[in-house]
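Spelled out from the first residue to the last, the chains are:
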Amino acid sequence: VQLQASGGGLVQAGGSLRLSCAASGRTLKMYNMGWFRQATGKEREFVAYISYNGGTTYYADSVKGRIAISRDNAKNTVYLQMNSLKPEDTAAYYCAASRDSNLAAGRIKATYEFWGQGTQVTVSS
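Considerations on the overall build of the protein
Part 1 of the argument: On a plain count of helices and strands, the protein comes out with zero helices and eleven strands.
Part 2 of the argument: Element order for the protein, N to C, with α for helix and β for strand: β-β-β-β-β-β-β-β-β-β-β.
Part 3 of the argument: The C-alpha atoms of the protein give a radius of gyration of 13 Å, which matches the 14 Å a tight globule of 125 residues would have.
Part 4 of the argument: Judged by the C-alpha coordinates and their principal axes, the protein covers about 40 × 25 × 25 Å.
Part 5 of the argument: Among the 125 residues that make up the protein, the fraction classed as buried is 45%.

Following this line, the structure appears as structure tokens:
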């Protein structure tokens, strides 16, 4: 499956952005999906996870309450709604797809088979 992330941009602190991850090649409904981010000079880190049917979601503590992951399997797209953005949210954001049946493994990069290219989010103070 090919993943295309979009929706990044420059926003002021406190603002909002919605990222999208569109899939092609295969239907996304068989895949659990994750969002990760990587700031310059730092490791790629987990942000959010949603199971293949949307029944399970969880978030990194640093974004909990400000970010929501969702999916529309009919549109083959996963979303990341980001509110109350902070300068420390500045990073390239990546979506990823996994068929791992262990729903608790979504925080682990190695769980994911397919990755999209990053979309840059820059939050100014």
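Some remarks on the environment of G8
Part 1 of the argument: Mapped onto the elements of the fold, G8 is located in the loop between β1 (2-6) and β2 (9-12).
Part 2 of the argument: Look at G8 and you get partly exposed, because its relative accessible area is 32%.
Part 3 of the argument: For the pair G8 and A92, spaced 84 residues apart in the sequence, the C-alpha separation amounts to 8.3 Å.
Part 4 of the argument: Excluding residues that lie within four positions of it along the chain, G8 makes contacts with L17, L19, T119, Q120 and V121.

Side note on the state of the cysteines
Part 1 of the argument: The full count for this structure, using the stated rule, is one disulfide.
Part 2 of the argument: Residue C21 pairs covalently with C95 via a disulfide, S to S 2.1 Å. Negative torsions about the S-S bond denote left-handed disulfides, and the value of about 70° found for C21 with C95 makes this one right-handed. Remark: C95 occurs in strand β9 (residues 91-98) and C21 occurs in strand β3 (residues 17-24); sequence separation between them is 74 residues. You'll find C21 and C95 in the same group, each marked buried.

So, the pairing of strand β7 (residues 67-72)
For a regular strand, side-chain orientation follows a simple rule: the groups alternate between the two sheet faces.
Part 1 of the argument: With burial as the criterion, only one face of β7 is covered, namely that bearing I67, I69 and R71; the residues A68, S70 and D72 on the opposite face remain uncovered.
Part 2 of the argument: The pairing of β7 with strand β8 (residues 77-82) spans six bridges and is antiparallel. Bridge pairing links D72 to T77 in β8.
Part 3 of the argument: Count of turn residues in the β7/β8 antiparallel hairpin: four residues, of which N76 carries a positive phi of about 55°.

A few points about unusual backbone geometry
Part 1 of the argument: Notably, N76 is not glycine yet its phi reads approximately 55°, a positive angle.
Part 2 of the argument: Looking at where N76 falls in the secondary structure, it is placed in the loop between β7 and β8.

Topic: the packing of aromatic side chains
Part 1 of the argument: All told, the structure shown has seven aromatic pairs when counted by the stated rule.
Part 2 of the argument: Between Y31 and F114, the ring centres sit 6.0 Å apart and the planes meet at 80°, which makes this aromatic pair edge-to-face. Taken together, the residues span a long stretch of sequence, with Y31 in the loop between β3 and β4 (32-38) and F114 in strand β10 (residues 114-115) at a distance of 83 residues.
Part 3 of the argument: Y31 sits in the buried class, given a relative accessible area of 0%.
Part 4 of the argument: Measuring from centroid to centroid gives 4.7 Å for Y49 and Y58, while their planes differ by 20°, and the two rings are stacked. Here Y49 and Y58 have matching classes, each one buried.
Part 5 of the argument: Of note, R44 hangs over the ring of Y94, and the distance from its end group to the ring centre comes to 3.6 Å.

Scoring rules and cut-offs
- Residues numbered from 1 in each chain as written.
- Predicted model: local features only at pLDDT ≥ 70, side-chain atom pairs only at ≥ 80, totals over all residues.
- Heavy atoms only, no water.
- Helix = DSSP H or I, 4+ residues; strand = E, 2+ residues; numbered from the N terminus.
- Rg over C-alpha atoms; globule rule 2.2 N^0.38 Å.
- Buried < 20%, exposed > 50% of the residue type's maximum accessible area, 1.4 Å probe, protein only.
- Contact = heavy atoms within 4.5 Å.
- Disulfide = S-S within 2.5 Å.
- Pairing = 2+ DSSP bridges.
- Phe/Tyr/Trp six-rings, centres within 6.5 Å; stacked < 30°, edge-to-face > 60°.
- Lys NZ or Arg CZ within 6 Å of the ring centre and 35° of its normal.

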